[in-house]
Amino acid sequence: MARSFRISLLLALIVCLATSQLVLAQGTTATIRGKVLDESGNAFPTAEIVAQNLASGFRHTATAGADGGFLLPGLTPGTYRIDVSATSYKQASREITVRVGQTLDLDFRMTPDLVLIESITVLGAAAIETRTPEVATNVTSRQIESLPQNDRNFLNFASLAPGVQLGTDEQRKEIRSGAQGASSTNIFIDGVSYKNEIVQGGTVGQDSSRGNPFPQNAVQEFRVITQNYSAQYSRASSAIITAITKSGSNTFSGDAFLFYQDRELVDENPLNGQNPEFERNQYGVSVGGPIVRDRLHFFFSFEANDQNRQDIVSLGTGTFNTAADAALRNRLAVYAGAFEQPFRSDLAFGKVSYQPATSHLFDFSGTYRKETDIRGFSGQTSYEAAENSKNDVKGLTGRHQYTAANWFNELSLSYLDSLWNPVPLNGDLVGFEYEGLLRVGGRDTEQEIGQQRIALRDDVTLSNLKVGSGTHTFKTGAELDFTDYTVTKFFESNPRFFFADRFRPQFGDQVSTVPYKARYGLGDPDMSADNTSFGIYGQDDWLLTDQLTLNLGLRWDYETNMLNTDFETPALVRERLSDSFPARYFSDGDDREAPLYMWQPRLGFSYDVLKTGRTILFGGAGRYYDRHLFNNTLDEQFRLQYAVGEFFFSPDGTSVTGQPTVAWDPKYLTRAGLDQLRASGITGRPEVFLVENDTRVPYSDQWNLGVRQTFGQMVASLTYSNIRSYHGLSYLWGAGFCCPSFDPNYSNVLISSDDIKTWYDAVYIQLDRPYSGRYGFNIAYTYGDAEQVGGDLFSLDRPTIADWPKYGTPGTSDHRIVASGIVGIPWDVRLSTLVQYSSGEKFRIHDYSNGFCSDNLCYTPLTGEGPSWTTIDLRGEKDFPFLGRYSVGVIAEAFNVFNEERYASFEDFNGPEGNPNLGKPTSIVGGSQRRYQFGVRLRF
């Protein structure tokens, strides 16, 4: 389906939503369920229950059934007034706050002139969910607004959940969980999946970016589910994050903020003592309010992140030993110095919410992200060779909910378009590489990698069903996605010319003016494709007794083109290599069948041990399918349809170091000139990638068992987690040892394997006291034993994955503690802290102590462990009210106040003679050194 047609279809369907009797969402709402009983404990089937959102005025109603049971699904997270009324009984009201993804059990016992609420723990207005089988952590709006936060990426707060770790790459802000990488997670915002299906980062826009995925001031709250999530969630084998955005209310309100940080507020790099120029301004505004009171509201937010930093370009120590060397160095000296690296990011979000009647709720929203980042220069690469890494994401979503007496429907239609596009800053200038001195001229490569997805989803909930014993709440749904993948890689499409002194015997004094070689991209760079995915599920929440709830789910997913399904192995490759490899490595365009086996049963339970709702035994098991990144299978196509040509030159056309050459002519110093030489170009022997036709889809099998206990105003939990993941994709040398060559026409042959496995055993301990006007805190401890076999995308140091020993998964730690706290003190002052401890991240040691490639085993992967670290972040905010409803807040933050050193990489090579520097740090975690930040916030 053409992209233009899909966009037209999206717009037409959004218009049709206005008359739909259906609804939308995915884990973005909350549910209140329970029973209404009379004074004798008998069912009270005539009671009316009304839940009204205090901010928006939107109402949800239910009537108690024959057994007194009721269900209020589809509640937008927030604070509600619950009214229960019946003839001859006094109406009762109670305010309660529900969080995203929660299912709260509220039982009401009615006596004349009185209604009592039972079976729930309430702290202030906040209800604590206890009867859930999920291992989940809710991050509230209070925590998002009040905890110290260095870069306003709301996903940083996912670290409050046990089993979750943040990435350490400043240019790839990602999360990971369960011994698996970031690509195994999925993030939903207002029910829309932000999963990156092409490249790394886990989330669209996060691969190779300093930016944030979404404006933080538009996020109301989110839920981190690290295990046992229901069948409604798809395309993840580790953690799920489901976030909801803010909506307008009956009160016109908003805020504006500015945060500032510069070089003087940041401590020096502990490894090199440097602290380059740096300045950052983060600013934004949000506003919302009524269009029609109790019916129609709007919300809008904007955030900007402007950064200026510097990097140093300097001449290398190499020399061109000619009479012209001094002149060359003088000519190149103008390229040396400090140059600015500007980064600019704009994030925007807007929403309109509409409730024409209590049975209908609509909202329409749009999001926009635009980034530019000038980078790619440093050391012996000049600013002239920089690139502008452009990153754009935009989306539209239409949603509608319909509530009837005993059923509830959700419908969503969304469009999400992302494009990562690094382009040369000076693409009209060819590149000149003076080896050992400096690289000048324009950058050589441009890429366009993106995905455009139209997603349609519908979920139906049937409540209070009586089938056998107990009560069933049955939910079923389906989703259909149409996705276009944009993949074009213009590798070295801008030529590079190489100059080197080692060719002086042939070039004489021309060594710095006549290149000995040029590299120039040749072929078709386009590998764009499309993919259609479909998923369907059923979920039964079965209240078997007043104490026992079973959660039974089954999901099935299908994708047409996860593995470049239509690829045809070129006949010449098949002819040359078919005697060396099985037929499953060669495809004629219809040998790769879309997988039909992605069935995912899921089971959860919760048991109220003492019938008080305070001591809950819970657990569950299930299978969770993920997907392969599309880009990880494209080298089989790209390396054969696009090559980087090498053209060798000499002053007179004689051979140089055995290579045939072309007599130099200045006309070759252009693309047009090299185009004339294509026939004589030496492209080199290409690598061949062979992907198994029966490559299996990655998945994890999980089970957990835990207990949850409420202590007054706190809830604690202890959980054991077991996760085993299978079929991670990697590449091996085709011959099973280092650097094979099956055919003189190919430099290497690599074959795929889907045998990477991970093991994760963990114990989680959580203690949570929700904020209630004065203070609140959260403590999460994780003991995690994470191991794997195989490397990452390339496992080239063993003949097969099975030959790899099991070793500690890089980036994980055995022990981790994350604690946060917020306290309000007099004089409108709020203090908060975020404390993190890690026993030290693991890294892979490449141990060659037994020699290089002995017995076809190139090295032994051993597990190294970095030093433990503790960071303490602090924040203080003082509000100054004025003119009644306005206030100005002054904010001061300190990050890593004790300047604890935290490292991102370590010396990991151990040779036959040993390595005295083995295990020593080589880089720090970006932004980890002590720093301060100041801000101001206007609330109105």
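Definitions and cut-offs
Residues numbered from 1 in each chain as written. Predicted model: local features only at pLDDT ≥ 70, side-chain atom pairs only at ≥ 80, totals over all residues. Heavy atoms only, no water. Helix = DSSP H or I, 4+ residues; strand = E, 2+ residues; numbered from the N terminus. Rg over C-alpha atoms; globule rule 2.2 N^0.38 Å. Buried < 20%, exposed > 50% of the residue type's maximum accessible area, 1.4 Å probe, protein only. Pairing = 2+ DSSP bridges. Core = buried A, V, L, I, M, F, W, Y, C linked by side-chain atoms within 4.5 Å. Patch = residues over 30% accessible without salt bridge, like charges linked within 9 Å, V, L, I, M, F, W, Y side chains within 5 Å. Areas by Shrake-Rupley, 256 points an atom, 1.4 Å probe, with all protein chains shown as cover. Salt bridge = Lys/Arg side-chain N within 4 Å of Asp/Glu carboxyl O. Lys, Arg positive; Asp, Glu negative; His and termini not counted. Charge placed at Lys NZ, Arg CZ, Asp CG, Glu CD. Contact = heavy atoms within 4.5 Å. Phe/Tyr/Trp six-rings, centres within 6.5 Å; stacked < 30°, edge-to-face > 60°. Lys NZ or Arg CZ within 6 Å of the ring centre and 35° of its normal. Polar contact = N/O pair within 3.5 Å; in protein donor to acceptor, adjacent residues only side chain to side chain. Arc of directions from axis to C-beta. pLDDT = per-residue confidence, 0-100.

Draft legend 1. Representation of the overall build of the chain. Across its full length, the chain holds seven helices and 53 strands. Relative to its length of 940 residues, the chain is compact, with a C-alpha radius of gyration of 30 Å against a globular reference of 30 Å. Overall, the C-alpha framework of the chain stretches about 110 × 65 × 55 Å when taken along its three principal axes. The buried share of the chain, reckoned over its 940 residues, is 56%.

Draft legend 2. A look at the sheet that holds strand β37 (residues 662–663). Pairing within the open sheet is mixed, and its six strands lie in the order β27-β26-β30-β31-β36-β37. One side of each edge strand has no neighbouring strand; the edge strands of this open sheet are β27 (438–440) and β37. Bridging between strand β31 (residues 517–523) and strand β36 (residues 642–650) involves seven bridges; their strand directions are antiparallel. Paired with Y520 across the two strands is G645, which belongs to β36.

Draft legend 3. Main features of the pairing of strand β18 (residues 240–245). The buried fraction of β18 amounts to six of the six residues, a majority that puts the element mostly inside the structure. The alternating pattern of β18 places I240, T242 and I244 on one face and I241, A243 and T245 on the opposite face, and all of these are buried. Bridge analysis of strand β15 (residues 186–189) against β18 gives four bridges, and the strand direction is parallel. Residue pairing across strands places N186 opposite I240, the latter belonging to β18. Here strand β17 (residues 219–227) runs beside β18; their pairing, made up of six bridges, is antiparallel. From the neighbouring strand, V224 faces β18, where its bridge partner is I241.

Draft legend 4. Molecular detail of the nonpolar core. In terms of nonpolar packing, the biggest core is built from 33 residues, with Y434, F497, F649 and L674 touching the most fellow members. Within the residue set of this core, elements represented by two or more residues are α3 (325–333), β26 (431–434), β27, β30 (496–499), β31 and β36. By size, the runner-up hydrophobic cluster in this structure holds 30 residues, among which are I187, F214, F222 and I822.

Draft legend 5. Quick peek at a negative patch on the surface. The grouping of D530, D566, E568, D588, D590, D591 and E593 at the surface amounts to a negative patch. We classify E568 as exposed; its relative accessible area is 54%.

Draft legend 6. Seen up close, unusual backbone geometry. Notably, R152 is not glycine yet its phi reads approximately 60°, a positive angle. In this fold, R152 is placed in the loop between α2 (141–146) and β13 (164–166). Owing to a relative accessible area of 7%, R152 belongs among the buried residues under this scheme. Located in the positive-phi region is N899, a residue other than glycine, with phi close to 55°. Residue position: N899 is located in the loop between β49 (886–895) and β50 (903–906). Relative accessible area serves as the criterion here: at 26%, N899 is assigned to the partly exposed category.

Draft legend 7. Broad picture of the side chain of T719. Here T719 is to be found in strand β40 (residues 714–733). With residues up to four places along the chain from it excluded, the contact list for T719 reads V135, F618, N704, L705, G706, A762, V763 and Y764.

Draft legend 8. Here's a closer look at the sheet that holds strand β51 (residues 909–910). Reading across the sheet, the three strands line up as β47-β46-β51 and stay open at both edges, with mixed pairing between neighbours. What marks the edges here is a single partner per strand, and that holds for β47 (860–865) and β51. Two elements, strand β46 (residues 842–847) and β47, share six bridges in a ladder whose sense is antiparallel. The residue of β47 that forms the bridge with R844 is T863.

Draft legend 9. Looking closely at the packing of aromatic side chains. All chains considered together, the criterion is met by 43 aromatic pairs. On the basis of an interplanar angle of 80° and a centroid distance of 5.2 Å, the ring pair of F491 and F638 is categorised as edge-to-face. On the criterion of sequence distance, the pair formed by F491 in the loop between β29 (471–490) and β30 and F638 in helix α6 (residues 635–641) is long-range, its members being 147 residues apart. Each ring, one from Y848 and one from F909, has its centre 5.5 Å from the other, and the planes form 40°; the classification is tilted. Taken together, the positions of Y848 in the loop between β46 and β47 and F909 in strand β51 put the pair 61 residues apart, joining distant regions of the chain. A relative accessible area of 14% means that Y848 is categorised as buried. According to the relative accessible area criterion, F909 is partly exposed, its value standing at 34%. Joined through ring pairs, the aromatic side chains of F432, Y434, F497, F499, F649, W664 and Y668 make up one cluster. Across the ring face of F257, the terminal group of R152 is positioned such that the distance to the ring centre comes to 4.0 Å. The lysine or arginine in question, K878, covers the ring of F880, its NZ or CZ lying 5.1 Å from the ring centre.

Draft legend 10. Molecular detail of the pattern of salt bridges. Inspection of every chain in the model, using the stated rule, returns 56 salt bridges. When the shortest N-O distance is used, the salt bridge between R369 and E371 registers 2.7 Å. Within this structure, E197, R235, R453, R457, D459, E479, D481, R555, D557, E559 and R627 form a network of salt bridges that share partners.

Draft legend 11. Representation of the pairing of β30 within the structure. What you see with β30 is no split at all: R496 and F498 on one side and F497 and F499 on the other are buried throughout. Two strands pair when backbone bridges link them, and β30 and β31 are joined in this way by three bridges, in the antiparallel orientation. Note on β31: the bridge partner recorded for R496 is R519.

Draft legend 12. Expanded view of the side chain of K246. Along the chain, K246 falls in the loop between β18 and β19 (253–262). Note on K246: relative accessible area 17%, which makes it buried. For K246, the side chain forms a polar contact with the main-chain oxygen of N217, separated by 3.2 Å. Contact partners of K246, with chain neighbours within four places excluded, come to E145, N217, A218, V219, Q220, F299, F349 and K351.

Draft legend 13. Looking closely at the environment of T532. With respect to the secondary-structure elements, T532 resides in strand β32 (residues 529–543). Classification of T532 as partly exposed rests on a relative accessible area of 23%. A C-alpha to C-alpha distance of 5.5 Å links T532 and T560, two positions 28 residues apart in sequence.

Draft legend 14. Representation of the environment of N388 within the structure. Take N388: it is sitting in strand β24 (residues 387–403). Among the residues examined, N388 registers a relative accessible area of 15% and is labelled buried. Spatially, the C-alpha atoms of N388 and I374 are 4.6 Å apart, while their sequence positions differ by 14 residues. When sequence neighbours within four positions are dropped, the list of residues in contact with N388 reads T372, D373, I374, N421, P422, V423 and L425. Only 3.3 Å separates the side chain of N388 from the backbone nitrogen of D373, close enough to count as a polar contact.

Draft legend 15. Layout of α3. Where α3 is concerned, the buried positions are D325, L328 and L332. All buried residues of α3 fall inside an arc of 60° around its axis, so they share one side. Buried residues in α3 make contact with β26 and β27.

Draft legend 16. Representation of the confidence of the model for the chain within the structure. Within the chain, residue pLDDT values average 89, and 93% of them lie at 70 or more. Predicted confidence for residues 1–26 stays below pLDDT 50, and this span has 71 contacts to residues more than four positions away or in other chains.

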